[in-house]
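Listed below are the residues making up each chain.
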Amino acid sequence: MSVPEGALVSVCVLLRDRDVLHARRVAGQELEKLGARSVKKTRFVTAVSEIGRNAVMHGGGGEARIYSQVHPPCVTVVCRDKGPGIADVDAALCDGFSTAGSMGRGLGGARRLCDQMEIETTVGKGTCVTMVARL
Amino acid sequence: MSETETSTVLSILRERFDAILDGWISTQSDEGVQRTDLFSHKEGREQTSSLLRAMITGIAEGDTGSRFDLSSEPWTELRTVLVDVTQERSARGVSPSDMASFVLALKGPIFFQLQELLADQAGELVEEIFFISRVIDAFAVYCTEVFIAERDRIIEQQRDQMQELSTPVVELWDKVLTLPLIGTMDSARAQEVMENLLETILQRQSEVVIVDLTGVQTVDTQVAQHMLRMASAVRLMGAECIISGISPTIAQTMVQLGVDVGEVTTRSTIRTGLADALNRVGYEIVHKAKQ
Ligand SMILES: Nc1ncnc2c1ncn2[C@@H]1O[C@H](COP(=O)(O)OP(=O)(O)OP(=O)(O)O)[C@@H](O)[C@H]1O
Ligand SMILES: [Mg+2]
């Protein structure tokens, strides 16, 4: 994906569950500053929660960068890890697909919850997911 | 012993230990960072001299030149003393900037002694001052890091305490329990909450449990999975589980996530959840006047 729109607001390390909470809180605050409605915010925060936790759980940890832009208003979160990568992205996006014995709804659900989501992944190198919420 | 760019400093520290110690302590008091209100003169002197001794060890055995590295092995003793002193001082209310000034106050007496010894060797004087300055600056930075680490530890501790506080299981009526969840649910916390709940069901012989999500802002797959697991464990114990407090926003988000609650009873508010629960154990809430 091209350069994220807007200015970099925050860089959050993602090593533990707790870090995911912090990253998603920052993303929610940025949306609030732009005047987003509560549904929009909850949806995006949930998407960031899913992708962030995937980076911690499957990607061995990574980093989330949060960007915000006023005109046109949008918040972008880029979540990057240097983990094993996803061999079959289409399969991973399917509901119910999980290599961890959990629900397997995170990736597909997150894509439905944001306005735009792109996954770049290379096996053995890592995964980078870009999520955008537009107002 | 390794190559050192601060050999004069080392010999000064060894040979004029007491003079430097006195100089350091009096600079501290001149700059108002001695804090005799918090530390007795004796305590302050002991801390200061143990720092100075550890510093001698570091300079004697480690690098002070371009390869100076405070995190290397020869500086272990100094780091340990700095951590002790910083923690002790921060516990008594000394600020990070006072702590840094306290350490930096060592420069004066050392520079003064160097100037006396190397009066006619300008090149060497500058070099020694340059390198020992870097070493002492690094001490001050390290103290600040210790301060921050200590604060982080306290914040984390408080967060854990808050989490413990916020998982009460309340008996609302005979056979009816409620569990108001607040904040976030990670796996460790979910496990704790579940154990607590199942234990109470057994003790109180409860038949209905209301798990209330009003205080939970984000329901992602992790939270949903914990909820559903909790509901099936409750059912395995022969009780019924009602999940209440599913706001319209959360309902929409869960649908888009693709979470299916299956057989689990859900209610939008704790109020409807409560009426439902009482009903199931044979009670009804009626208005007195209309009786
Ligand atoms: N960052 C990542 N690095 C490596 N593999 C990943 C990453 N993100 C997702 N995957 C793979 O894609 C699968 C599907 O992810 P998804 O988030 O949909 O489900 P899940 O994490 O297994 O379960 P949950 O429903 O709790 O999120 C994962 O099981 C994992 O194999
Ligand atoms: Mg996931």
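This is a predicted model, so every value here is computed, not measured.

The rules we used
Residues numbered from 1 in each chain as written. Chains lettered and ligands numbered in written order. Predicted model: local features only at pLDDT ≥ 70, side-chain atom pairs only at ≥ 80, totals over all residues. Heavy atoms only, no water. Pairing = 2+ DSSP bridges. Helix = DSSP H or I, 4+ residues; strand = E, 2+ residues; numbered from the N terminus. Near = heavy atom within 4 Å. Polar contact = N/O pair within 3.5 Å; in protein donor to acceptor, adjacent residues only side chain to side chain. Areas by Shrake-Rupley, 256 points an atom, 1.4 Å probe, with all protein chains shown as cover. Nonpolar A, V, L, I, M, F, W, Y, C, P; charged D, E, K, R; others polar. Contact = heavy atoms within 4.5 Å. Buried area = accessible area lost by both parts, 1.4 Å probe. Salt bridge = Lys/Arg side-chain N within 4 Å of Asp/Glu carboxyl O.

Participant: Looking at this model, I keep getting lost on the pairing of strand 4 (residues 116-122) of chain A. Mind explaining?
Facilitator: Two faces make up the sheet, and in a regular strand the side chains alternate between them. Alignment of strand 4 of chain A against strand 5 (residues 126-134) of chain A, held across seven bridges, turns out to be antiparallel. Looking at strand 5 of chain A, one finds that Ile119(A) is bridged to Val129(A).

Participant: Any chance you could explain the site of ligand 1 here in plain terms?
Facilitator: In the region of ligand 1, 19 residues are neighbours, and Asn54(A), His58(A), Ser98(A), Thr99(A) and Gly104(A) sit closest. Of the chains in the model, those with residues near ligand 1 are chains A and B. Asn54(A) is positioned with one of its side-chain polar atoms (N or O) 2.7 Å from an oxygen atom of ligand 1. Starting from 600 Å² of accessible surface for ligand 1 in isolation, the protein chains cover 95%. Of all the elements in the fold, those that place two or more residues in the shell around ligand 1 are helix 2 (38-57) and helix 4 (106-113) of chain A. Here the shell around ligand 1 is built from residues that sort into five nonpolar, 11 polar and three charged.

Participant: Help me out: how do you make sense of the interface of chain A and chain B in this one?
Facilitator: Many structure descriptions define interface size as the accessible area lost when the parts assemble. Facing the 24 residues of chain A at the interface are 22 residues of chain B. For the pair chain A and chain B, the summed buried surface comes to about 1,900 Å²; carbon and sulfur atoms form 51% of the total. Taken together, chain A and chain B are joined by four salt bridges. Two residues, Arg24(A) and Asp220(B), come together in a salt bridge whose shortest N-O distance is 3.8 Å. Along the contact surface separating chain A from chain B lie nine residue pairs in polar contact (both at pLDDT 80 or more). Residue assignment for the side of chain A that touches chain B shows that the elements contributing at least two residues are helix 1 (17-33), helix 2 and helix 4 of chain A. Residue contributions to the side of chain A that touches chain B peak at nine residues, all from helix 2 of chain A. The class makeup of the residues in the side of chain A that touches chain B is six nonpolar, eight polar and 10 charged.

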